[in-house]
Amino acid sequence: MALGETVVEWERVPSYFEFIVGIFRYVVESFNQLNDPDYDFPRGTWRDMKNYWHFNTSCILTILLMAVAWTVVRHFSTEWIFKPVGKLFALSPHNQMKMPESAWKFVYSSCVWTSTVYIVCLSGRYQFFHRPSTVWDNWHIDEPVPIDIYILYIVQCSFYLHSVYATLFLDTWRKDSIVLLIHHVITLVLVSSSLALRYQNIGILVLLLHDICDVQLEFTKLNVYFKIQGGRLQKHHEHVANLSFCIFALTWFVSRLYWFPLKVLYVSSQNLVDRKLSIPFATFLNLLLWVLLAMNIYWFMLILGFLFKVATGQMQEVDDTREYDVLEKIEKRTHYSSLQNGTYCSYEEILGC
């Protein structure tokens, strides 16, 4: 080992059973705190917000201005870069319309996730991923946020504020768009609250474990859009899309359904009980994290649903089954297959096929 080299010690990941037991202990402890006769609810909660909430006007204005800036940058990058690229590669008109959204999200999520990996894992300043319990080391409500984490938080807050607007007015409307909108609002509340309450260490770990899936999802969709160019199938894009989707599904389970509950939720609950730490609004933020886990499970069920469609022959290729035009294509294919098998269909229905 070279002189001065830092040895990274990995913390043991608890089992799901230990996670469940730890959550139960935390719920019991939280219930006891809420029933504390010395705590005046809700006036005590309002008093705590005034005492502990570190979110000044300049920070709010910066986030608002950057959210507007993201919208402007997206517009011009779509018109000047992504749409011309779609025409250059002779994508189908339908894919030319959908590709810029995925390209924009891919560029943003790739840059931000790479920055997060560097700050959390490679800079040598933190061990949150390797040793999640260190998120509470030397924690204090008045401790200033490190500048690198602060900048990343401002960027993420502003982007999720932009994403709320984009989901409603810019993005393709999908069958899970309502869930996605709720996700953006909850994420915005979580990120801004963890910054204001100085829980940035655990918050940046949540971002690290979630953003990687966004990168892989948009990369997969881009290859789906680029596999037909000038009316010809580009086999390499099809193969990359298939491989990328498999990696995406595996990464989703590992990062959002394994590491997220066992590294983040366990530390935000059981670890507080072990350390006898009483921190403001921990129960509220944990509740939002649990809602986030429920959404992760919901989207993983959609992933499994896609795999089922592939296994049963309803789909022959990777596509976004959340989009209504894709669902319509699957229904027509299934309907046409039933006609070939001798199922009766009226003249109007045959024209529909």
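Residues numbered from 1 in each chain as written. Predicted model: local features only at pLDDT ≥ 70, side-chain atom pairs only at ≥ 80, totals over all residues. Heavy atoms only, no water.

Draft legend 1. Focus on the layout of surface pockets. Approximately 270 Å³ is the volume found for the second largest pocket. Lining the second largest pocket we find 13 residues, and of these R74, T78, K83, P100 and L170 sit closest to its centre. At the level of elements, α3 (57-88) and α4 (93-122) are the ones that each hand at least two residues to the lining of the second largest pocket. Among the elements that line the lining of the second largest pocket, the one with the most residues is α3, at six residues. (1 Å grid on protein atoms, 1.4 Å probe; cavity = no way out; pocket = protein on both sides within 12 Å on 5 of 7 lines; lining within 4 Å. Points joined across faces, edges and corners; volume = space filled by probe spheres on them. Helix = DSSP H or I, 4+ residues; strand = E, 2+ residues; numbered from the N terminus.)

Draft legend 2. The arrangement of the packing of aromatic side chains in detail. Within the structure shown, the criterion is met by 22 aromatic pairs. Here W10 and F129 contribute two aromatic rings whose centre-to-centre distance is 5.7 Å and whose plane-to-plane angle is 80°, an arrangement assigned as edge-to-face. Residue W10 is found in the segment before α1 (16-34), and its partner F129 is found in the loop between α4 and α5 (147-169); the two are separated by 119 residues along the sequence. Look at W10 and you get exposed, because its relative accessible area is 55%. On the numbers, 5.9 Å between centres and 45° between planes, the contact of F245 with F248 is tilted. With F245 and F248 both in helix α8 (residues 235-265) and three residues apart, the pair spans about one turn of that helix. F248 matches F245 in its accessibility class, with the two residues each being buried. Three or more aromatic residues link up through ring pairs in this structure, and these residues are W70, W104, Y108, F159 and Y160. We note R256 situated over the ring of W252; from NZ or CZ to the ring centre the distance is 4.0 Å. Looking at K263, its charged tip hangs above the ring of F129, at a distance of 4.6 Å from the centre. (Phe/Tyr/Trp six-rings, centres within 6.5 Å; stacked < 30°, edge-to-face > 60°. Buried < 20%, exposed > 50% of the residue type's maximum accessible area, 1.4 Å probe, protein only. Lys NZ or Arg CZ within 6 Å of the ring centre and 35° of its normal.)

Draft legend 3. Layout of empty space enclosed by the protein. Enumeration according to the criterion identifies two cavities of 30 Å³ or more in this entry. Put simply, the second largest cavity is a space of about 290 Å³. The wall of the second largest cavity is formed by 25 residues, among which L190, I202, G203, V206 and L289 lie closest to the centre. Those elements that provide at least two residues to the lining of the second largest cavity are α5, α6 (177-196), α7 (200-226) and α10 (282-311). Looking at the lining of the second largest cavity element by element, the count peaks at seven residues for α7. Among the residues making up the lining of the second largest cavity, the classes are represented as 15 nonpolar, seven polar and three charged. (Nonpolar A, V, L, I, M, F, W, Y, C, P; charged D, E, K, R; others polar.)

Draft legend 4. Quick look at α4. Given a rise of 1.5 Å per residue, 30 residues ought to cover 44 Å, and the 42 Å separating the end C-alpha atoms of α4 matches this to within 8%. If you look at α4, its biggest bend is around 30°, right at M99, and the proline P100 turns up within four residues after that. Immediately downstream of α4, the backbone of G124 shows phi near 85°, a positive value. (Expected span 1.5 Å × (residues − 1). Bend = angle between axes of the 7 residues up to and from the residue.)

Draft legend 5. Highlighting the pattern of salt bridges. This structure, assessed with the given rule, holds ten salt bridges. For the salt bridge of E18 with R12, the shortest nitrogen-to-oxygen distance reads 2.9 Å. What makes E18 partly exposed here is its relative accessible area of 28%. Relative accessible area serves as the criterion here: at 60%, R12 is assigned to the exposed category. Each member of the salt-bridge network shares a partner with another, and the members are R74, E101, K105 and D171. (Salt bridge = Lys/Arg side-chain N within 4 Å of Asp/Glu carboxyl O.)

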